[in-house]
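# Structural overview for review
Residues per chain are reported as follows:
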Amino acid sequence: MRMAISGRTEVFAVIGDPIEHTLSPAMHNAAFEYLGLDFVFTAFRVTSDELENAVRGACALGIRGLNVTMPHKSSVTEFLDWADPSVKFLGAANTIVNERGRLRGFNTDGIGVLKALKNNGITLTGKKVLVLGAGGAAKAIAFSLMKEVDELCILNRDATKAREIASAMKPFGKIIEGNNLTPQQIQVELQDSDVLINATSVGMAPCTSESLVHPAWLKPDLRVMDIVYNPIETKLIRDAKTAGAKVINGLEMLLYQGAASFEIWTQCKAPIDVMRSALLSRLSCAGATV
Ligand SMILES: NC(=O)c1ccc[n+]([C@@H]2O[C@H](COP(=O)([O-])OP(=O)(O)OC[C@H]3O[C@@H](n4cnc5c(N)ncnc54)[C@H](OP(=O)(O)O)[C@@H]3O)[C@@H](O)[C@H]2O)c1
């Protein structure tokens, strides 16, 4: 049972706009409770023009840690006193630690995907990964994957964004390409890819019958991850299962990025199963956002 809130209780929060469907309080409060930590996690809707006041206010109130979600992941970086290499590279933060008034920023989105893949038995060394999308999540994923994979191909509707990510990743010395997201290009790239990651919003509720990938292009030896978690089982995940491919849903990324934030804040090992159960029970309500 949760400890009674007192003057000693440490406060954590997620800020974003909109925020009412966030799953982060459920996941983190379940973990705090399980570990008997006198911490509480809440959510605040913060509009863009109030972001600076909100961050300064959180600091003044001694809020110990923040998760930052859409649309503030980029703009919040200007209020950080220190940024880890992923934040510097991506220009976006989703986790802030308040260390006696000094704000340290991290980005756990890419780590979330990497851990979700690895903890589901997928090895990346020597592999080719195809990423669909070049938005904030795709860029964080590409940054994390670069240290592991041999080859990465990023396809995006706006090909310029895919090429920009590819060119920013050149210093990693791996084979990386950015191109146009067309049905033909997906089919061609899938022929020699080991892992496919949908990092676009295609398939997300309410458009749950949509997928960018024709079922006929999916094969049993492909590993398929969809970072969309609402619904948990997207059309891409259903099609991949039918094709006999191993699948990882977006809940796993949500879980592991949250677990990474939890570990940064608390220095405790995140209770993954407890956090997963909390997410699953809350995901039964539609329209959830992290
Ligand atoms: N599981 C998790 O923990 C987690 C974490 C973060 C995000 N997500 C999910 O990941 C998705 C992307 O998030 P984000 O933050 O990267 O968003 P974002 O920065 O807005 O990027 C959206 C991406 O989706 C592409 N896209 C949108 N509609 C498309 C369509 N009809 N056809 C082809 N491509 C389309 C965009 O292409 P253009 O650039 O061409 O517009 C862009 O690449 C969202 O559904 C979000 O909920 C999940």
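Preceding this paragraph is the structure being described.
Since this is a predicted model, take the numbers as computed values, not measurements.

Of the regular secondary structure elements, the protein chain holds ten helices and twelve strands. Whereas a compact globule of 290 residues would reach a radius of gyration of roughly 19 Å, the protein chain reaches 19 Å, a difference of no more than 12%. In terms of overall dimensions, the protein chain has a C-alpha envelope of 60 × 40 × 35 Å along the principal axes. Partitioning the contacts of the protein chain with sequence separation of at least 6, the portion at a separation of at least 24 is 67%. Split by element, the accessible area of the protein chain, about 13000 Å² in all, is 53% carbon and sulfur. Counting 30 positive and 30 negative side-chain charges, the protein chain places the averaged centre of each group 3 Å from the other.

All right, on to the side chain of H72 then. Here H72 shows up in the loop between β3 (65–68) and β4 (82–83). Residue H72 is classed as buried on the basis of its relative accessible area, which comes to 0%. Within polar-contact distance, the side chain of H72 engages the backbone oxygen of V46 at 2.6 Å. Setting aside its immediate chain neighbours within four residues, H72 contacts I15, G16, D17, V46, T47, S48 and L51.

Attention shifts here to helix α10 (residues 272–282). Along α10, the positions that sit buried rather than exposed are I272, M275, A278 and L279. The arc that holds every buried residue of α10, seen down its axis, measures 130 degrees, which confines them to one face. The inward-facing, buried residues of α10 abut α1 (24–35) and α9 (250–266).

Another aspect to go through is the packing of aromatic side chains. As enumerated under the stated definition, the model contains ten aromatic pairs in all. Pairing F41 with W265 gives two aromatic rings, centres 5.8 Å apart and planes at 50 degrees, and the pair type is tilted. Here F41, found in strand β2 (residues 39–45), pairs with W265, found in helix α9; they are 224 residues apart in sequence, far enough to count as distant. An aromatic cluster of three or more residues is present, and its members are F12, F32, F39, F41, F262 and W265. When the ring centre of W82 is taken as reference, the NZ or CZ atom of R104 above it lies at 4.2 Å. When the ring centre of F143 is taken as reference, the NZ or CZ atom of K147 above it lies at 4.3 Å.

Taken in spatial order, the six strands line up as β2-β1-β3-β5-β6-β4 in an open sheet, and their pairing is mixed. Looking at which strands have only one partner, the edges of the open sheet turn out to be β2 and β4. In this sheet, β2 lies alongside strand β1 (residues 10–16) in parallel orientation, the contact comprising seven bridges. Bridge pairing links F12 to F41 in β2. The sheet contacts of α9 involve β1, β2, β3, β5 (95–99) and β6 (102–106), and relative to β5 the element is tilted by about 5 degrees.

Looking at where E252 falls in the secondary structure, it is placed in helix α9. Leave out the neighbours within four places in its chain, and E252 touches G112, A116, N120 and R276.

Definitions and cut-offs
Residues numbered from 1 in each chain as written. Predicted model: local features only at pLDDT ≥ 70, side-chain atom pairs only at ≥ 80, totals over all residues. Heavy atoms only, no water. Helix = DSSP H or I, 4+ residues; strand = E, 2+ residues; numbered from the N terminus. Rg over C-alpha atoms; globule rule 2.2 N^0.38 Å. Contact = heavy atoms within 4.5 Å. Areas by Shrake-Rupley, 256 points an atom, 1.4 Å probe, with all protein chains shown as cover. Lys, Arg positive; Asp, Glu negative; His and termini not counted. Charge placed at Lys NZ, Arg CZ, Asp CG, Glu CD. Buried < 20%, exposed > 50% of the residue type's maximum accessible area, 1.4 Å probe, protein only. Polar contact = N/O pair within 3.5 Å; in protein donor to acceptor, adjacent residues only side chain to side chain. Arc of directions from axis to C-beta. Phe/Tyr/Trp six-rings, centres within 6.5 Å; stacked < 30°, edge-to-face > 60°. Lys NZ or Arg CZ within 6 Å of the ring centre and 35° of its normal. Pairing = 2+ DSSP bridges. Axes fitted to C-alpha atoms, helices over the stretch in contact; angles between N-to-C directions.

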